[in-house]
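This is what each chain is made of:
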Amino acid sequence: MKAPVEEEEAPMQLKGKGGLKTLPCIMANEILEKVASFGLHANMIVYLTKTYHMSPAAGAIVLFIWGAASNFTPIFGAFVSDSCLGRFRVIAIGCFVSLIGMALLWLTAVVPGAQPPACGHANDDCASPTSSQLALLFAAFAVMSVGSGGVRPCTLAFGADQLDQKGAPQNERTLQTFFNWYYASVGISIIVAVTVIVYVQDHKGWAVGFGVPVVLMAISAALFLLGSPFYIKFKANKSILAGLAQVIVVSLKNRHIVLPPDTTQVRFHMKGGSKLTVPTKKLRYQVHHQTLMITRSTHACIIRWNFCRFLNKACVIRNQEKDLNPDGTASNAWNLCTVEQVEVLKSVVRVLPIWSSGIMVAVVISQYSFPVLQAGTMDRHIGSKFQIPAGSFVVFSIITLTLWVAIYDRLVVSPLSKITGRPRGFSLRQRMGIGQVLSCMATAAAAVTEGARRRRAIEQGLADDPQGMVNMSAMWLVPQNCLTGLAEALNLIGQLEFYYSEFPRSMASVAVSLLTLGLGFGNLVSSVITALVNKISGADGGASWLDRNINKGHLDYYYWILTLLGILNIFYFVACSLVYGEEGQDKIWDDDSRTKHDLHSARELPVAV
């Protein structure tokens, strides 16, 4: 989240370092880390319900919170990387913290007494986990979340640092090749994680199934450190997030300043040579400051929102001798900001309504726990011998996402652009909207499939036997997974490119942070919805819709609620989109030149598992 540090700052230190020789260590670290971490997520609901005897609702809430933490910590990790420690140190620390977390999780499976005793013959004869047992389990989740916060936001950019040799004739092509290989390896790694690792857990037990990721993570950390002498390691620089925080703090300090209507009467602080000399009075250059009309009884009140003028106070020079150094820079960045800092924060504020509409899509994408339980009661055989693990059906979502990313530019854009008249086929917000529609279709398909599965279970007399096998193929779960993957590809990648089109180049990583933040809030909202549905539907003493016995519950009703919320969210998105206006127009940034490197250096394959 910082502007790139130029290589010329330390030419002697960079001689002989970086280049292709560093990529095996970096890519091996990334591949093994992805296999280890995602392999633990996919099947965890089975471990929580069968080993820790949690109800499906309780287990899902735990995983939602874990997912939220794993999406929030990378924002903190990126901040620490950019402003304090640098990418190499943050990745190295993240690897070892992740290793500790995975080792703690492995201990829950191998240490006697670390988990509740096995259930008796009766379904209800199960001991609840003790406080100490839950403490060890939750500590493992928390430590792994902290570790992921160090690895995930920095690896791609760190790899690009090794290859980005400005002025080299093949620089752009080399970077593009690296990014292509990176995305391909991430997709393959996650596919391996949710198939091979889950298969090992199902057939060799949790001790081995959790032990394999520990070994992989240890190898990952060791290989990364092995390449240390050959890496280019840029020093930490000022973080853009810190700059945004400074604008808010200085605006609060200067809140009592009265700005005259004529800005020529005020001196504003700007960077030397900046194109931005005077702050705007609006959130966008062609849109005036927002006016809210409220009609009450027989008269109308016009309330003008002075938020932009409030932010503009952060760059006002009150006392030139005290506020500025001799070279024109601010003597204290927490007392005076530049015009560009203020305008950057305005651009972030402006996209927040559209960003918030993506939270509901993140809610749908995070629903991977309940389908695992459904698949566990269905026929998962392919042929006469091989049986797909219940936790591996999410692979259809990942394959769909990966295929769409691969074919959209090559096969879809050209014919679609002839129909729509747009060079990219659909506009970014059209892609986001289509993704929202597909997410609603995914939950509707899940509701229909679960309704059919439940009816079939009752007809077979399995209403009181949640472990009984329903005579219904688990392949009926594939359509909802494919729709979810397609929704993720259209909406999340559309969001990322939309933020990038609205921000200056130096804020490319902020676009990733917004996307990650949305996924985190999606997990939190999912936990709230699950808790409310479970509590309200079971309030009369009967079976909850999310009952421990899914044949007695009504998981299909839960999916219909998500579908309804998704439909309401589409209307909200349309309203936000109409108010927003045109995208990517009339921006004047100091770094307005764009390259493919800028977009890819900020872009991570958005897989929410």
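Below is a short write-up of the structure. The shown structure was predicted, so the numbers you read here are calculated from the model rather than taken from an experiment.

## Overview of the overall build of the protein chain
Each helix and strand counted, the protein chain has 21 helices and 4 strands in total. Sorting the 609 residues of the protein chain into buried and exposed places 54% on the buried side. Taking as baseline every contact in the protein chain between residues at least 6 positions apart, the subset at least 24 positions apart corresponds to 80%. Split by element, the accessible area of the protein chain, about 27,100 Å² in all, is 64% carbon and sulfur.

## Some thoughts on the packing of helix α5 (residues 87-110) against helix α7 (residues 155-163)
Taken N-terminus to C-terminus, the directions of α5 and α7 make an angle of 135 degrees; their axes are 10 Å apart at the nearest point. In terms of orientation, α5 lies oblique with respect to α7. Crossing handedness for the pair α5 and α7: left-handed. Facing α5, whose interface residues are Arg87, Phe88 and Ile91, α7 presents Thr155, Ala157, Phe158 and Asp161.

## Some points on helix α17 (residues 428-459)
An ideal rise of 1.5 Å per residue puts 46 Å on 32 residues; α17 measures up with 47 Å between its terminal C-alpha atoms. Glycine 461 sits one or two residues past α17 and shows a positive phi near 80 degrees.

## So, a nonpolar patch on the surface
A surface patch of nonpolar side chains, amounting to about 280 Å² of accessible area, comprises Trp106, Leu107, Val110 and Val111. Here valine 111 is to be found in the loop between α5 and α6 (131-151).

## Section: the environment of isoleucine 398
As for its placement among the helices and strands, isoleucine 398 is situated in helix α16 (residues 395-420). On the basis of relative accessible area, isoleucine 398 is assigned to the buried category, the value being 2%. Considering only alpha carbons, one finds isoleucine 398 and valine 194, 204 residues apart in sequence, at a separation of 9.6 Å.

## Section: the packing of aromatic side chains
Scanning the entire structure with this criterion turns up 21 aromatic pairs. Among the aromatic side chains, those forming a connected cluster through ring pairs are Tyr47, Tyr52, Trp206 and Phe210. Sitting over the ring of phenylalanine 88, lysine 233 keeps its end group 4.1 Å from the ring centre. Arginine 350 extends its terminal NZ or CZ atom over the ring of tyrosine 580, reaching a point 3.5 Å from the ring centre.

## Remarks on the environment of asparagine 534
Position of asparagine 534 among the secondary structure elements: in helix α19 (residues 508-537). C-alpha separation for the pair asparagine 534 and tryptophan 545, spaced 11 residues apart in sequence, amounts to 6.4 Å. Leave out the neighbours within four places in its chain, and asparagine 534 touches Ala57, Ser544 and Leu546.

## Topic: the packing of α5 against helix α9 (residues 206-226)
Running from N to C, α5 and α9 cross one another at 165 degrees; their axes reach a closest spacing of 9 Å. In this view, α5 runs roughly antiparallel relative to α9, as classed from their interaxial angle. Where α5 crosses over α9, the handedness of that crossing is left-handed. A per-class count over the contact of α5 with α9 returns 22 nonpolar, 2 polar and no charged.

## Looking at unusual backbone geometry
Despite not being glycine, histidine 53 shows a phi value in the positive range, around 55 degrees. Relative to the helices and strands, histidine 53 is located in the loop between α3 (44-50) and α4 (56-85).

## Regarding the nonpolar core
Formed by 70 residues in total, the largest nonpolar core has its most connected members in Met44, Leu105, Phe141 and Tyr558. Looking at which element gives the most residues to this core, the answer is α5, with 8 residues. Taken domain by domain, the makeup of this core includes at least three residues from each of domain 1 (17-117 + 129-237) and domain 3 (341-586). Leave out the neighbours within four places in its chain, and methionine 44 touches Leu63, Trp66, Leu105, Phe141 and Phe210.

## Focus: the side chain of threonine 530
The residue threonine 530 is located in helix α19 in this model. From its side chain, threonine 530 meets the backbone oxygen of serine 526 in a polar contact 2.8 Å long. If we ignore the near neighbours within four places in the chain, the residues touching threonine 530 are Ala57, Ile61, Phe64, Phe370, Leu546 and Tyr558.

## Observations regarding the environment of glycine 485
Looking at the element boundaries, glycine 485 is found in helix α18 (residues 478-502). Glycine 485 sits in the buried class, given a relative accessible area of 0%. Taking the C-alpha atoms as reference points, glycine 485 and isoleucine 365, 120 residues apart in sequence, are found 8.0 Å from one another. Beyond its immediate stretch of four places on either side in the chain, glycine 485 contacts Ser397, Thr400 and Leu401.

## A word on the pattern of salt bridges
For the coordinates displayed, the defined rule picks out 8 salt bridges. With its nearest N and O atoms 3.2 Å apart, the salt bridge here joins lysine 552 to aspartate 464. Residue lysine 552 is located in the loop between α19 and α20 (555-580), and its partner aspartate 464 is located in the loop between α17 and α18; the two are separated by 88 residues in the primary sequence. Note on lysine 552: relative accessible area 43%, which makes it partly exposed. Under the relative-accessibility criterion, aspartate 464 is labelled exposed at 55%. Sharing partners across several salt bridges, the network here consists of Glu30, Glu33 and Lys34.

Here is what the cut-offs are and how they apply
- Residues numbered from 1 in each chain as written.
- Predicted model: local features only at pLDDT ≥ 70, side-chain atom pairs only at ≥ 80, totals over all residues.
- Heavy atoms only, no water.
- Helix = DSSP H or I, 4+ residues; strand = E, 2+ residues; numbered from the N terminus.
- Buried < 20%, exposed > 50% of the residue type's maximum accessible area, 1.4 Å probe, protein only.
- Contact = heavy atoms within 4.5 Å.
- Areas by Shrake-Rupley, 256 points an atom, 1.4 Å probe, with all protein chains shown as cover.
- Axes fitted to C-alpha atoms, helices over the stretch in contact; angles between N-to-C directions.
- Parallel < 35°, antiparallel > 145°, perpendicular 65-115°, else oblique.
- Left-handed = near helix turned anticlockwise from the far one by under 90°.
- Expected span 1.5 Å × (residues − 1).
- Patch = residues over 30% accessible without salt bridge, like charges linked within 9 Å, V, L, I, M, F, W, Y side chains within 5 Å.
- Salt bridge = Lys/Arg side-chain N within 4 Å of Asp/Glu carboxyl O.
- Phe/Tyr/Trp six-rings, centres within 6.5 Å; stacked < 30°, edge-to-face > 60°.
- Lys NZ or Arg CZ within 6 Å of the ring centre and 35° of its normal.
- Nonpolar A, V, L, I, M, F, W, Y, C, P; charged D, E, K, R; others polar.
- Core = buried A, V, L, I, M, F, W, Y, C linked by side-chain atoms within 4.5 Å.
- Domains from an automatic or database assignment.
- Polar contact = N/O pair within 3.5 Å; in protein donor to acceptor, adjacent residues only side chain to side chain.

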